[in-house]
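Chain and residue survey
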Amino acid sequence: MEPLARVTPRIFAAIDNFAAKNDVRYYLNGICIQRNPAGGIVVVATDGHVFGAIDDPDGWIADGHNELIVARPTKRMVSAIKGKHKILVPVDRLLIMKNCQVLACGQDVPPFDPMSFFSDASEIIDAKFPDWRRVIPKRSVASESEPEAPPPGEPYFGHTKLGQFVAAAEMLCEGKSGGSAYMHTETFGPNTASIVRISCSTIDPGRFIGVIMPIRVDGVELTLPEWTKQEAAPAPAPVQATKPEPLPEKPRYRFRGGELIDQPAQPKAA
């Protein structure tokens, strides 16, 4: 069985965060692998509200194919890609077959070969993937020398959609061991899509690009509230502590054996 494509495992698992789940547009429930004219492949997925795309210079797609829509990896496959299982040789490639995905190391190997670390069932989705490049927003330009300023205000994003980019960044930077990942957003107004970029020690800034669609939030001011502009109230002066009254001295009794030999003087009567 010949592979149809080869993908860097963590790239495939990172882009999986942007794929739809149980969408009626069945082609959005997969991950698209496209031939990159500059070399390698581009891996992209979208759920209609966000999309993420990244080039994989180490990947390839078989001759006769310019695009493949592959089923999303299973949870077991993602767990294996994350390195949750102890293995002697680190995996470095994910082979896409017609009916399965094979996590392998060192060379292109068929499923269940000793050099294949993990294999799981999969499928190729027969459909045409949307033209995601048309969704990338472009700043309108009044002239070549003087760009038109974007409208005032910044967009709101759903927190779960931002979380998809966070999950992708964590996968790309290989978890905590890969250092920190950085995200940058480029906005074009309160009602337009924004570009998201991810950079980390394992991914150069120009390799990942994503888009997130805004949501409408009514009745929320986009300016800073007044309490953020005022100086903090001065702290109250400390209260002088009063010296407590001394406690009366307890009477002292002296005994010899069981006989009282001394007792405190009784206060004189007034």
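Residues numbered from 1 in each chain as written. Predicted model: local features only at pLDDT ≥ 70, side-chain atom pairs only at ≥ 80, totals over all residues. Heavy atoms only, no water.

**Comments concerning the pairing of strand E13 (residues 208–212)**
Quick note on the threshold: Here the term buried applies to any residue with accessible area under 20% of the maximum for its type, exposed to any over 50%, and partly exposed to those in between, with areas from a 1.4 Å probe on protein chains only. To qualify as a helix, a DSSP run of H or I must reach at least 4 residues; to qualify as a strand, a run of E must reach at least 2; elements of each kind are numbered from the N terminus. Between any two strands, pairing holds if DSSP finds at least two bridges.
With five of its five residues buried, E13 lies for the most part within the structure. The alternating pattern of E13 places Phe208, Gly210 and Ile212 on one face and Ile209 and Val211 on the opposite face, and all of these are buried. Note that strand E4 (residues 50–56) and E13 share five bridges and pair antiparallel. Bridged to Val50 within E13 is Ile212.

**Some details on the state of the cysteines**
Should the sulfur atoms of two cysteines be covalently bonded, the bond is a disulfide. Using the following cut-off: Throughout, a disulfide means two cysteine sulfur atoms within 2.5 Å of one another.
All told, the structure shown has zero disulfides when counted by the stated rule. As a non-bridged cysteine, Cys200 has Cys173 as the owner of its nearest cysteine sulfur, 5.2 Å distant. When its relative accessible area of 9% is taken as the criterion, Cys200 is described as buried.

**Describing helix H3 (residues 159–172)**
Selection criterion: Multiplying 1.5 Å by the residue count of a helix minus one yields the expected span of that helix. Here the arc refers to the directions that run from the helix axis out to each C-beta atom. Should any heavy atoms of two residues lie within 4.5 Å, those residues are considered in contact.
Look at H3: 20 Å from first C-alpha to last across 14 residues, which is about the 20 Å you get at 1.5 Å a residue. Within the span of H3, buried status applies to Gln164, Phe165, Ala168, Ala169, Met171 and Leu172. What you see down the axis of H3 is that its buried residues fit within an arc of 165°, all on one side. Buried residues along H3 sit against helix H1 (9–15), E4, helix H2 (75–81), strand E11 (182–186), strand E12 (194–199) and E13. Residue Glu174 follows H3 closely and has a positive phi angle near 60°.

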